[in-house]
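Letter by letter, the chains look like this.
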There are 2 protein chains.
Amino acid sequence: MTVNNLSIVLAERPTDDIVPGTTFAQKITPAPTPADLKDGEILVEALYLSLDPAMRGWLQDTRSYLPPVQIGEVMRGASICRVLASKSKQAAAGDFVCGFTGWTQYAILREGSFEPSSNYPGLRDPKDMLSVLGMTGITAWVGMTKIGEPKAGETVVVSGAAGATGSVAGQIAKLKGARVVGLAGSDAKCKWLVEELGFDVAINYKDADFKQKLAEATPNYIDVYFDNVGGEILNACLARAKEHARFVMCGGISQYNTSKPQGPSNITKIITMRIKMQGFIVFDHIKDYPKARQELSQWMAEGKIKKTEHILKGGLQVAEQGLVGLYKGTNTGKLLVEVKNPDEPPSKL
Amino acid sequence: MTVNNLSIVLAERPTDDIVPGTTFAQKITPAPTPADLKDGEILVEALYLSLDPAMRGWLQDTRSYLPPVQIGEVMRGASICRVLASKSKQAAAGDFVCGFTGWTQYAILREGSFEPSSNYPGLRDPKDMLSVLGMTGITAWVGMTKIGEPKAGETVVVSGAAGATGSVAGQIAKLKGARVVGLAGSDAKCKWLVEELGFDVAINYKDADFKQKLAEATPNYIDVYFDNVGGEILNACLARAKEHARFVMCGGISQYNTSKPQGPSNITKIITMRIKMQGFIVFDHIKDYPKARQELSQWMAEGKIKKTEHILKGGLQVAEQGLVGLYKGTNTGKLLVEVKNPDEPPSKL
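Residues numbered from 1 in each chain as written. Chains lettered and ligands numbered in written order. Predicted model: local features only at pLDDT ≥ 70, side-chain atom pairs only at ≥ 80, totals over all residues. Heavy atoms only, no water.

**Q** Go over the relation of the copies chain A and chain B with me, naming the residues and quoting the values.
**A** Mapping between the two copies of the chain is achieved by a rotation about an axis and a shift along the axis. Note on the copies: chain A fits chain B at an RMSD of 0.0 Å, the axial shift is 0.0 Å, and the rotation between them is 180 degrees. Taken together, the turn and the small shift mark the pair as related by a two-fold rotation axis. Minimal C-alpha separation from the rotation axis in chain A is found for G263 of chain A, amounting to 1.9 Å. Both copies contact each other with a shared surface, as 100% of the interface residues of chain A are interface residues in chain B too. (Least-squares fit on C-alpha atoms with pLDDT ≥ 70 in both. Contact = heavy atoms within 4.5 Å.)

**Q** Quick one: what's the story with helix 3 (residues 164–175) of chain B, residue by residue and with numbers?
**A** The α-helix winds at 3.6 residues per turn, so residues separated by three or four positions along the chain end up facing the same way. Residue and element names in this part refer to chain B. Here helix 3 contains 12 residues, and its C-alpha end-to-end distance of 17 Å stays within 8% of the 16 Å for a straight helix at 1.5 Å per residue. For helix 3, the full list of buried residues reads A164, T165, G166, S167, V168, A169, G170, Q171, I172 and A173. Just downstream of helix 3, G177 is the residue with a positive phi angle, here 90 degrees. (Helix = DSSP H or I, 4+ residues; strand = E, 2+ residues; numbered from the N terminus. Expected span 1.5 Å × (residues − 1). Buried < 20%, exposed > 50% of the residue type's maximum accessible area, 1.4 Å probe, protein only.)

**Q** Describe in detail the pattern of salt bridges, supporting the description with residues and values.
**A** Residues and elements named next belong to chain B. Scanning the model with the defined rule gives 40 salt bridges over all chains in all. We note a salt bridge from K191 to E195, for which the minimum N-O separation is 3.3 Å. A residue pair is termed a helical-turn pair when its members lie 3 or 4 positions apart in one helix, as K191 and E195 do in helix 4 (residues 187–196) at four residues. Under the relative-accessibility criterion, E195 is labelled exposed at 55%. (Salt bridge = Lys/Arg side-chain N within 4 Å of Asp/Glu carboxyl O.)

**Q** Residue-level account of the interface of chain A and chain B, with values.
**A** On the chain B side, the residues contacting the 36 residues of chain A number 36 residues. Between chain A and chain B, roughly 2800 Å² of surface is buried when both sides are summed, and carbon and sulfur atoms account for 60% of that area. Looking at the side of chain A facing chain B, the largest losses of area belong to R63, I271 and R274 of chain A, adding up to 27% of the total buried there. Applying the counting rule to chain A against chain B returns two salt bridges. With its nearest N and O atoms 2.6 Å apart, the salt bridge here joins R274 of chain A to D284 of chain B. For the pair chain A and chain B, the number of links is 11 residue pairs in polar contact (both at pLDDT 80 or more). When residues of the side of chain A that touches chain B are traced back to their parent elements, those giving at least two are helix 6 (231–239), strand 12 (241–249), helix 7 (269–272) and strand 13 (276–279) of chain A. In terms of strand pairing, strand 13 of chain A meets strand 13 (residues 276–279) of chain B through three bridges, oriented antiparallel. The residue of strand 13 of chain B that forms the bridge with M277 of chain A is M277 of chain B. (Buried area = accessible area lost by both parts, 1.4 Å probe. Polar contact = N/O pair within 3.5 Å; in protein donor to acceptor, adjacent residues only side chain to side chain. Pairing = 2+ DSSP bridges.)

**Q** Please provide a residue-by-residue account of the domain arrangement of chain A, values included.
**A** Residues and elements named next belong to chain A. Taken as a whole, chain A is organised into domain 1 (4–131 + 308–338) and domain 2 (135–283). On a C-alpha basis, the centres of domain 1 and domain 2 stand 28 Å from each other. At the junction of the two partners, domain 1 supplies 20 residues and domain 2 supplies 15 residues. Carbon and sulfur atoms supply 57% of the area that domain 1 and domain 2 bury against each other, a total of about 1500 Å² over both sides. (Domains from an automatic or database assignment.)

**Q** Quick rundown of the UniProt feature "domain: Enoyl reductase (ER)" (unreviewed entry) in chain A? Include the residues and the values.
**A** UniProt feature "domain: Enoyl reductase (ER)" (unreviewed entry): in the numbering of this structure it lies at residues 21–337 of chain A. Secondary structure content for residues 21–337 of chain A is 26% helix and 25% strand, and the end C-alpha separation is 18 Å. (UniProt positions renumbered as here; feature names shortened; annotations may be inferred.)

**Q** Please give an account of the nonpolar core that cites residues and values.
**A** Core analysis: the biggest nonpolar cluster contains 103 residues, and W103, F247 and M277 of chain A together with W103, F247 and M277 of chain B have the highest contact counts within it. Excluding anything up to four places from it in sequence, M277 of chain B contacts I267, I270, I275, K276 and M277 of chain A together with L234, L238, F247, M249 and I270 of chain B. Within the second largest apolar cluster, 46 residues are counted, among which are I80, L130, C190 and F226 of chain A. (Core = buried A, V, L, I, M, F, W, Y, C linked by side-chain atoms within 4.5 Å.)

**Q** Let's hear about unusual backbone geometry: which residues, and what values?
**A** All names here are of chain A. A positive phi angle, close to 65 degrees, is found at H244, a residue other than glycine. Within the fold, H244 resides in strand 12. Looking at H244, the relative accessible area reads 44%, which means it is partly exposed.

**Q** Help me get a handle on helix 4 (residues 187–196) of chain A, residues and values and all.
**A** Residues and elements named next belong to chain A. K189, C190, W192 and L193 are the residues of helix 4 that are buried. An end-on view of helix 4 places all buried positions within 160 degrees of arc, on one side of the element. Exposed side chains of helix 4 directed beyond 90 degrees from the buried face belong to D187, A188 and E195. The inward-facing, buried residues of helix 4 contact helix 3 (164–175), strand 9 (179–184) and strand 10 (201–204). Backbone geometry just after helix 4 places G198 at a positive phi near 80 degrees. (Arc of directions from axis to C-beta.)

**Q** Kindly report on the sheet that holds strand 11 (residues 222–227) of chain B, identifying the contributing residues and their values.
**A** With mixed pairing, 12 strands are arranged side by side in an open sheet as 10(A)-9(A)-8(A)-11(A)-12(A)-13(A)-13(B)-12(B)-11(B)-8(B)-9(B)-10(B). Each end of this open sheet is capped by a strand with a single partner; those strands are strand 10 of chain A together with strand 10 (201–204) of chain B. Within this sheet the neighbouring strands show an average axis-to-axis angle of 15 degrees, counted without direction. (Axes fitted to C-alpha atoms, helices over the stretch in contact; angles between N-to-C directions.)

**Q** Go over the packing of helix 2 (residues 135–148) of chain A against helix 3 of chain A with me, naming the residues and quoting the values.
**A** Residue and element names in this part refer to chain A. Viewed as axis vectors pointing N to C, helix 2 and helix 3 meet at an angle of 40 degrees, and their least axial separation amounts to 8 Å. In terms of orientation, helix 2 and helix 3 fall into the oblique class. In the packing of helix 2 onto helix 3, the handedness of the crossing is right-handed. Here helix 2 contributes T136, G137, T139, A140, W141, M144 and T145 to the contact with helix 3, which in turn contributes A164, T165, V168, A169, I172 and A173. When its residues are assigned to classes, the contact of helix 2 with helix 3 shows eight nonpolar, five polar and no charged. (Parallel < 35°, antiparallel > 145°, perpendicular 65-115°, else oblique. Left-handed = near helix turned anticlockwise from the far one by under 90°. Nonpolar A, V, L, I, M, F, W, Y, C, P; charged D, E, K, R; others polar.)

**Q** A description of the packing of aromatic side chains should follow, citing residues and the corresponding values.
**A** By the definition in use, this model includes 10 aromatic pairs over all chains. Taking the centre distance of 5.1 Å and the plane angle of 25 degrees together, the rings of F24 of chain A and W103 of chain A count as stacked. Of this pair, F24 of chain A sits in strand 2 (residues 24–30) while W103 of chain A sits in the loop between strand 5 (96–99) and strand 6 (106–110), and the two are 79 residues apart along the sequence. Side by side, F24 of chain A and W103 of chain A carry an identical accessibility label, which is buried. Taking the centre distance of 6.5 Å and the plane angle of 80 degrees together, the rings of Y256 of chain B and Y327 of chain B count as edge-to-face. Taken together, the residues Y256 of chain B in the loop between strand 12 (241–249) and helix 7 (269–272) and Y327 of chain B in helix 9 (residues 319–328) connect sequence positions 71 residues apart. The exposure classification of Y256 of chain B matches that of Y327 of chain B, with both residues buried. Above the face of the Y221 of chain B ring, R63 of chain A is positioned so that its terminal group lies 3.7 Å from the ring centre. (Phe/Tyr/Trp six-rings, centres within 6.5 Å; stacked < 30°, edge-to-face > 60°. Lys NZ or Arg CZ within 6 Å of the ring centre and 35° of its normal.)

Listed below in structure tokens is the structure:
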């Protein structure tokens, strides 16, 4: 009996906000079966789908670090999957892998488009393959250790600090001996940053006196700013930059859903304060993944890096709405869609 | 008989444009005399005063790389001077020196606040102490060789390309084997850049189809952008940045005279194109001055770096209007005020 495979495809490019029911469409196709496998391929079912701020950019038909998702194409995305059948020596049936399945229930993945769990040293929770030990955690590691390079006693500010990447970035800066100020969008997030993750200060950027609080929290100005949000907050941090500050440009989530993005009017501070502002994409740093995972895994084991996930139940049907929520800041920690509860038995395709 | 010393002092901080007759005021004091000299000091008369885009920033009461010029204080500036009397072994009466006199006819300079002509190897024209071998030329050298680092075959774009710094920056990029596109504000400037200085292309940014011309001139996108202007042109160059481009942030002259500066809306290109955008101030690189001057001097001698000056006559009285004109782009090459014609005999103080 053929099993249905639900996928979510791009139906229409959004100009501003993603429009639920319009931007994406559901598509049912027959699920692949073990008989479809070629040598070096595995057949998987998705358990958790990663929702990431970068996704909005992938919908845009502009020159970027990846080609845009095409209209009608399954939305790009990474999942934690269970292997149902394998013709690869890298994974056996029953294994967990992390792969670029796209927003789909069942997929065939070729070697190179998935990572076996053996790539994640000391893995205790498969979800970590998408969070601390996945793209988001490694993004934090690359940005903070290779561009930000905070030194003991320096002041580090992280925006989007309660997000999957920001929370790890701030904790790495703490590990390097810096004083860390987190910026987030709710008092509950701020409390979590300080009380659970050990940030020195956390500020709710929605507070009317945000700029004053930022100034008070950075009396010696900012040595390293790790930016996940862009817009007004980036502008405020430019105004507080110390001489020779490093601005790690990781994301600009505040600007992704508008066709009229806002540039930082304080940009001439880059000159007067001799700032190095550098953008990066984690995929350029594949050769560093093993080292990053090794360190992150050890720090987690030592309790020096803590994490949380915000898991949306309801399967791929809720992914679209989940993505809309991501840009509104609904999540604390890594935002995942539970495509299938891993406690349920494997599907029979 | 006491000689009058005309100085120009800051009278009022401008909020937007400099207002001639309001921003600055003239002040007459008795000129210093040889009897005032202490050991290690020289008495000088200014011949040429340098007008620089950075001056607008010095009028602003904000945290910057130098303290703001105070109200009532002589306007900060560098001049080429003739030594009238000396109690320093670094310079003798009759020598030319370059010093931070401020906008004044006569000044006493202490060792450390002037540079003797012996610091400029192969000096043929004293004016070069303010142009190619001075702050402006060294600024181009530092920005291009230490941040931009163009390689053979790369595409380099320079804005404010017909200015004192931009014209040298572009020629250095040519020397490194790059393809160089200059952006300037008149067809005459563009002609000079291509026909005299050897730029590959020059574009008048005032042309209605500027963006299209920029795209045509950068078919392989921009590897290095040397920014002197900020604003719309910076934004347009962000849109044309290649992966891993270097943006050398030297100046933002289009934004200096407004209380509402404009940020570049394309700033997220820094992330997607992994741009390194770095600001610098030449004063941080004093240890490189000898090397920079050595190279620049040799390139001039070999005819590989050409230059021009735009000299305003009329003494310090015209400096204020000259500065206003600088921001309107009246000059090609280095803008100087002739405080005193060097062919006239030395003053007797």
